[in-house]
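Results of the structural survey
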Amino acid sequence: MTKMSFDWGKCSRALMILTVALLGWAGAARAAEALPNVEVREMVGKENGRRYQIYTALPTKPQPEEGYAAVYVLDANIMFATMVDTVRASERRPTGRGTVVIGIGYPEELKANTERQIDLTPSVSTTPKPGTGGAEAFLRFIENELKPDVAARFKIDNTRETLFGHSYGGLFTLYALINSPGLVDNFVAASPSIWFESRMMQKDNVRGRLEPKLQTQQVTPRVLITVGEYEQAADPDFPSVHGQGSNADILKERQQVDNAREFADYLSKLKGIEAKFVMFPGEDHGTVIPAAISRGVRFALAPTVQAPELAAKVVSMGKPPGGIKVPTAEEYLQLTAEQRYKLRMRIRKLPEQKRMAWNQQFQYSLNSGLTYLQHRKLHEERQEMDQKHGTKPPPEG
């Protein structure tokens, strides 16, 4: 095990400064090689109760007046070292800036591959498949617990924050973008597993909620989606051996390249967002990681980076049809299930044209303020209440 050394005279924080190199899923904190100036500590999610190993690479440059840039990297057990080396190479440039790298991984006694599958995957319904579907709770952990913790320890420039994820991590990065576009400034989704859960991320009722958020929250995310050339066809340099490795049929079915390109194209048509797509020639799902990290760091930390123009803000939706106030998402959540049911019954009694106009404003309101899972829970509640009371919604819902 690498020996730990401490300089208590220079230590400005109570946390121990550990030397770390992350070489694989297990044994991250006892690797033979060492990264200097890295803090390692454990956090337990207050809401989801899950354990995380948090790696923090300290900046190599003094803190600028506006604060440090911050890069959050998922799958830290295997991604962190490469990300730190890449960020520090960027810092060494004359125009490079001090950057804090925060890696989110798992304690070595846990099976990181199992844990990540829970945290990084969304679910279509409120009852996910076993071992999946924790993306919403993980997003809240990052947003409500980890980020405030980092901000309490470092002065962070809130215009230079980045989230990087690969594979399932790339899928989660897109999920975070859609549900919390103000989480960070730069979303780097490398080889995102958009195929997961029957391509739910491509469905209008999932990604369609991003545009109202851009308009109402007035945030301007930048998005980079990357993929390797051989993520949709077998890699000729690394053929499958005894069934292990790239499977041409699975690669073709998952359509990694096509899905990534289509998603970036979809985002690029929205106002208030910048979206770029990069395909790396000659790389597959595994070998593409260093290239994606390098391009992601350039995308996020280049001194020429500028925020996109704001989307046009919707000032008013006009008078509520039928004279029934359209509640905000927060107001609607504060109602009880019975109160929400009674409101729906009032709306269903409206003439068809007014009812449809009211529902249009209402859905915009919910999409502006709710995450997918929050909205899904309300949808399932609506079905349960109709069953309880023996009622049925009109054809359009």
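For every chain, the first residue of its written sequence is number 1, and the numbers climb from 1 along that sequence. Per-residue local features are limited, in this predicted model, to residues with pLDDT of at least 70; the limit for side-chain atom pairs, both in listing and counting, is 80 or more; totals at the level of whole chains, interfaces and linings are taken over all residues. Side-chain numbers here rest on the full set of heavy atoms in the structure, without hydrogens or water.

Notes on the overall build of the protein
Counting its regular elements, the protein contains 14 helices and nine strands. Relative to its length of 397 residues, the protein is compact, with a C-alpha radius of gyration of 23 Å against a globular reference of 21 Å. Oriented by its inertia axes, the alpha-carbon framework of the protein measures out at about 75 × 55 × 40 Å. Here's how the labels work: a residue is buried when its accessible area is under 20% of the maximum for its type, exposed when over 50%, partly exposed in between, all with a 1.4 Å probe on protein chains only. Counting only residues that meet the buried cut, the protein has 51% of its 397 residues in that class. Residues count as neighbours in contact if any of their non-hydrogen atoms are within 4.5 Å of one another. Of the contacts made within the protein by residues no fewer than 6 positions apart, 74% connect residues no fewer than 24 positions apart. Split by element, the accessible area of the protein, about 19,200 Å² in all, is 52% carbon and sulfur. Strands here mean DSSP runs of E at least two residues long; helices mean DSSP runs of H or I at least four residues long; both are numbered from the N terminus. Our radius of gyration looks at C-alpha atoms and nothing else; its globule reference is 2.2 Å times the residue count to the power 0.38. Method for areas: the Shrake-Rupley scheme with a 1.4 Å probe, in which residue coverage is limited to the protein chains shown.

Considering the packing of helix H3 (residues 135-153) against helix H4 (residues 168-179)
Put simply, H3 and H4 touch, their axes get as near as 10 Å, and they point 70° apart. Considering their axes alone, H3 and H4 lie roughly perpendicular with respect to each other. In this structure, H3 contributes Ala135, Glu136, Phe138, Leu139 and Ile142 to the contact, and H4 contributes Phe172, Tyr175, Ala176 and Asn179. Charged residues are taken to be Asp, Glu, Lys and Arg, nonpolar residues to be Ala, Val, Leu, Ile, Met, Phe, Trp, Tyr, Cys and Pro, and polar residues to be all remaining types, Gly included. Classifying every residue of the contact of H3 with H4 by side-chain character gives seven nonpolar, one polar and one charged. Fitting a line to C-alpha atoms yields each axis, with helices limited to the stretch in contact; the angle taken between N-to-C directions then spans 0 to 180 degrees. Note on terminology: angles under 35 degrees are roughly parallel, angles over 145 are roughly antiparallel, angles of 65 to 115 are roughly perpendicular, and the others are oblique.

Some words on the side chain of Asp386
Looking at the element boundaries, Asp386 is found in helix H14 (residues 372-389). The class of Asp386 is buried, set by a relative accessible area of 6%. Two N or O atoms count as a polar contact when they lie within 3.5 Å, although within protein this holds only if one can serve as hydrogen donor and the other as acceptor, and sequence-adjacent residues are included solely when both atoms are side-chain atoms. Here the side chain of Asp386 touches Arg348 through a polar contact of 2.9 Å, side chain to side chain.

Thoughts on the pairing of strand E4 (residues 68-74)
For E4, the buried fraction is high: seven of the seven residues fall into the buried class. Residues Tyr68, Ala70, Tyr72 and Leu74 line one face of E4 and the alternating positions Ala69, Val71 and Val73 line the opposite face, and both faces are buried. Pairing analysis gives five bridges linking E4 to strand E6 (residues 156-166), with the strands arranged parallel. Paired with Val73 across the strands is Phe164, a residue of E6. Strand pairing is assigned whenever DSSP detects at least two bridges linking the two strands. Relative to strand E5 (residues 99-105), E4 runs parallel, the two sharing six bridges. Note on E5: the bridge partner recorded for Val71 is Val101. Note on handedness: a clockwise path from strand one over the helix to strand two, with the strands aimed away from the viewer, defines a right-handed crossover. Since E4 and E5 lie parallel, the crossover through helix H1 (residues 76-91) that links them has a hand, and here it is right-handed.

Considering the pattern of salt bridges
A side-chain nitrogen of Lys or Arg and a carboxyl oxygen of Asp or Glu constitute a salt bridge if their distance falls within 4 Å. Applying the stated criterion to the full structure yields 23 salt bridges. One salt bridge connects Arg140 with Glu47, and the closest N-O pair in it is separated by 2.5 Å. Here Arg140 is found in helix H3, whereas its partner Glu47 is found in the loop between strand E2 (35-44) and strand E3 (51-57), with 93 residues between them in sequence. Here Glu47 falls in the partly exposed class, since its relative accessible area comes to 48%. Across the salt bridge formed by Asp75 and Arg116, the nearest N and O atoms sit 2.8 Å from each other. Of the two residues, Asp75 is situated in the loop between E4 and H1 and Arg116 in helix H2 (residues 112-119); the sequence distance between them amounts to 41 residues.

A closer look at the confidence of the model for the protein
What pLDDT expresses is the predictor's confidence in each residue, scored from 0 to 100. This prediction gives the protein a mean pLDDT of 91; 90% of its residues lie at or above 70. For the protein, strand E1 (residues 17-20) is the element with the lowest average pLDDT, namely 36, and strand E7 (residues 186-190) is the one with the highest, namely 99. When the criterion is pLDDT under 50, residues 1-27 qualifies, and its contacts beyond four places in sequence or with other chains add up to 56 contacts.

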